[in-house]
Amino acid sequence: ADACNFALRSHGFSEHQIDEYKYFLGNGVYKLVERALPMDKKDGETVDKVLTEFKKYYEKHKSDFTKPYDGIEELLIALKETGIKTAVVSNKPHEFAVEIVERYFGKSFDIVFGKREGYLAKPDPTTVIETLNHFKCKKEEAVYIGDSDVDVDTAKEAGMDGIFVNWGFRGREFLLEHGAKCVVD
């Protein structure tokens with residue numbers, strides 16, 4: 001929200017409230033910027049200009065308001081101790097996803113994939129399938145965990161069971177309305 005508002009402001013566009021960003025997020029930064037722009041300014045050239053400004057700002061400030069949710073570090077340690085493999089598949093640009101995960105979780109995750117050139121953003125399941133292949137794991141042996149409608153759709157597209165958390169940027173009711181079968185507190 002902070003980076004997008006900065007980029008919008010830099011180009012003379014109105015900013016949005018933080019809560020509004022909960023509905024802009026989930027499909028990668030191009031879609032984020034496109035959704036944040038006024039209806040008559042969603043052309044590719046304008047999106048690209050604002051996106052460039054967003055990326056420059058985000059590169060410097062991506063950790064300003066970022067921290068792990070309570071209990072997640074302990075959960076990851078417990079999973080690792082039991083031999084469970086973990087991965088991150090994010091629509092954040094790959095380099096940002098890797099840097100943020102390493103900064104806050106060290107080597108707690110076995111592999112991290114952000115949005116990479118030549119790959120579609122989630123809910124396309126390609127990167128999830130790539131992750132399963134990396135672990136030589138069948139989809140029936142894995143579970144997809146997420147916090148958004150995009151994650152619900154990604155799990156469905158990948159043919160996987162999903163666990164969805166209500167403490168992310170979407171709540172229980174929203175997740176259930178979008179097809180989540182298992183939502184945890």
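Residues numbered from 1 in each chain as written. Predicted model: local features only at pLDDT ≥ 70, side-chain atom pairs only at ≥ 80, totals over all residues. Heavy atoms only, no water.

(A) Just the overall build of the protein chain, in detail. Within the protein chain, the secondary structure is distributed over nine helices and five strands. Each of the three principal axes of the protein chain carries a C-alpha extent, and together these read 50 × 35 × 35 Å. Residue burial in the protein chain is summarised as follows: out of 185 residues, 41% are buried. Seen as two clouds, the 27 positive and the 34 negative side-chain charges of the protein chain have centres 3 Å apart. (Helix = DSSP H or I, 4+ residues; strand = E, 2+ residues; numbered from the N terminus. Buried < 20%, exposed > 50% of the residue type's maximum accessible area, 1.4 Å probe, protein only. Lys, Arg positive; Asp, Glu negative; His and termini not counted. Charge placed at Lys NZ, Arg CZ, Asp CG, Glu CD.)

(B) Seen up close, the environment of glutamate 59. The topology assignment puts glutamate 59 in helix 4 (residues 44–61). Assessed through its relative accessible area of 39%, glutamate 59 is described here as partly exposed. Between the C-alpha atom of glutamate 59 and that of isoleucine 129, which follows or precedes it by 70 residues, the distance is 28 Å.

(C) Focus on the environment of glycine 162. The residue glycine 162 is located in strand 4 (residues 161–165) in this model. Owing to a relative accessible area of 19%, glycine 162 belongs among the buried residues under this scheme. It is 17 Å that separates the C-alpha atoms of glycine 162 and leucine 76, two residues lying 86 residues apart in sequence. The residues touching glycine 162, leaving out its near neighbours within four places in the chain, are Val143, Tyr144 and Cys182. (Contact = heavy atoms within 4.5 Å.)

(D) Main features of helix 3 (residues 29–36). Listed in full, the buried residues belonging to helix 3 are Val29, Leu32, Val33, Glu34 and Ala36. Buried residues along helix 3 sit against helix 1 (2–10), helix 2 (18–21), helix 4 and strand 1 (87–93).

(E) Looking closely at the packing of aromatic side chains. Enumeration according to the criterion identifies seven aromatic pairs in this entry. Taking the centre distance of 5.5 Å and the plane angle of 10° together, the rings of phenylalanine 54 and tyrosine 58 count as stacked. On the criterion of helical spacing, the pair formed by phenylalanine 54 and tyrosine 58 is a turn pair, its members being four residues apart in helix 4. Just above the ring of tyrosine 119 sits the side chain of arginine 116; from NZ or CZ to the centre is 3.9 Å. (Phe/Tyr/Trp six-rings, centres within 6.5 Å; stacked < 30°, edge-to-face > 60°. Lys NZ or Arg CZ within 6 Å of the ring centre and 35° of its normal.)

(F) Representation of the pattern of salt bridges within the structure. Counting across every chain of the model gives 13 salt bridges. The salt bridge partner of lysine 107 is glutamate 102, with a shortest N-O separation of 3.7 Å. Judged by relative accessible area, lysine 107 falls into the exposed class, the value being 63%. Glutamate 102 gets classed as partly exposed once you look at its relative accessible area, which sits at 42%. The partner of aspartate 149 in a salt bridge is arginine 170, with the nearest N and O atoms 3.2 Å apart. Taken together, the positions of aspartate 149 in helix 8 (residues 149–158) and arginine 170 in the loop between strand 4 and helix 9 (172–177) put the pair 21 residues apart, joining distant regions of the chain. The pair aspartate 149 / arginine 170 is uniform in exposure class, with both members buried. Among the charged side chains, a salt-bridge network with shared partners connects Glu59, Lys62 and Glu99. (Salt bridge = Lys/Arg side-chain N within 4 Å of Asp/Glu carboxyl O.)

(G) View of helix 7 (residues 126–134). Listed in full, the buried residues belonging to helix 7 are Thr127, Val128, Thr131 and Leu132. The arc enclosing the buried residues of helix 7, seen along the axis, measures out at 145°, which places them on a common side. Buried residues in helix 7 make contact with strand 1, strand 2 (111–115), strand 3 (143–146) and helix 8. (Arc of directions from axis to C-beta.)

(H) Layout of the confidence of the model for the protein chain. Confidence in the prediction of the protein chain, expressed as mean pLDDT, is 94, and 100% of residues score 70 or more. Of all helices and strands in the protein chain, the one with the weakest mean pLDDT is helix 2 (89), whereas helix 7 scores best (98). (pLDDT = per-residue confidence, 0-100.)

(I) View of the sheet that holds strand 3. The parallel open sheet is built from three strands, whose spatial order is 3-4-5. A strand with exactly one partner marks an edge of an open sheet, and here the two such strands are strand 3 and strand 5 (183–184). Bridge count between strand 3 and strand 4: four bridges; the pairing is parallel. If you follow tyrosine 144 over to strand 4, its bridge partner there is glycine 162. (Pairing = 2+ DSSP bridges.)

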